[in-house]
Amino acid sequence: MNSPELQEVAAQIATHMEMNTPRIEKCLAELSETEIWQRPGPGSNSVGNLILHLCGNITQYVLSSLGGAPDQRARDEEFGAQGGFGKKELLEKLQGTVQEAVQIIRRADREEMLRERTV
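If you're wondering where the values come from, they're calculated on a predicted model, not measured in any experiment.

Asks: Whenever I open this one, the nonpolar core confuses me. Can you help?
Replies: For soluble globular proteins, nonpolar side chains are generally found buried alongside one another. Of all hydrophobic cores here, the largest spans 23 residues; its most connected members are Met-17, Ile-58 and Val-62. Contributing elements (two or more residues each) for this core: α1 (4–29), α2 (47–64) and α4 (87–107). The element contributing the most residues to this core is α4, with eight residues. When near neighbours in sequence (up to four residues on either side) are disregarded, Ile-58 contacts Met-17, Leu-63, Thr-97, Val-98 and Ala-101.

Asks: Help me out: how do you make sense of the side chain of His-53 in this one?
Replies: Along the polypeptide, His-53 turns up in helix α2. Look at His-53 and you get buried, because its relative accessible area is 15%. In this structure, His-53 is in contact with Arg-73, Arg-75, Glu-78 and Phe-79, ignoring residues within four places of it in sequence.

Asks: Can you help me understand the packing of α1 against α2 in this one?
Replies: Packed helices, taken two at a time, are described by the angle their axes make and the gap between the axes. Look at α1 against α2: their axes get within 12 Å of each other, and the N-to-C directions meet at 165 degrees. Judged on the interaxial angle alone, α2 and α1 are roughly antiparallel. The two elements α1 and α2 meet at a crossing, and its hand is left-handed. Here Met-17, Ile-24 and Leu-28 of α1 come into contact with α2, specifically with Val-47, Ile-51, Leu-54 and Ile-58. Considering only residue class, the contact of α1 with α2 consists of seven nonpolar, no polar and no charged.

Asks: Is there a simple way to explain the environment of Leu-28 in this structure?
Replies: Looking at where Leu-28 falls in the secondary structure, it is placed in helix α1. For Leu-28, a relative accessible area of 4% corresponds to the buried category. C-alpha of Leu-28 to C-alpha of Gly-41: the two residues are 13 residues apart in sequence and 19 Å apart in space. With residues near it in sequence (within four places) discarded, Leu-28 still touches Ile-36, Val-47, Ile-51, Lys-87 and Leu-91.

Conventions used here
Residues numbered from 1 in each chain as written. Predicted model: local features only at pLDDT ≥ 70, side-chain atom pairs only at ≥ 80, totals over all residues. Heavy atoms only, no water. Core = buried A, V, L, I, M, F, W, Y, C linked by side-chain atoms within 4.5 Å. Buried < 20%, exposed > 50% of the residue type's maximum accessible area, 1.4 Å probe, protein only. Helix = DSSP H or I, 4+ residues; strand = E, 2+ residues; numbered from the N terminus. Contact = heavy atoms within 4.5 Å. Axes fitted to C-alpha atoms, helices over the stretch in contact; angles between N-to-C directions. Parallel < 35°, antiparallel > 145°, perpendicular 65-115°, else oblique. Left-handed = near helix turned anticlockwise from the far one by under 90°. Nonpolar A, V, L, I, M, F, W, Y, C, P; charged D, E, K, R; others polar.

This is a description of form; function is not addressed.
Pasting the structure below:
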């Protein structure tokens, strides 16, 4: 990354991602394994769905679009899931996704950060 301004933007993005992950972890710890997949209503999503969706967004927009990884997102499955991951697995998935995204953001060069893209 060439300019100090872009370095600052990347640092702020990475810092916020790293700060927010423990907040989600704290909230997740308050729920039982059953509660993470409960939906408050028929048109609502569970906490588990929201974590899968967050991981999907980060993967698509950062790991794939910025980092060059293949985009294999299955968005409908993020919202359709009704289980399959426990709290520990969801947290590990989120932490791993965020860690990888932070690394990509911090090492991205100016051209890649400013490149227009369609996601």
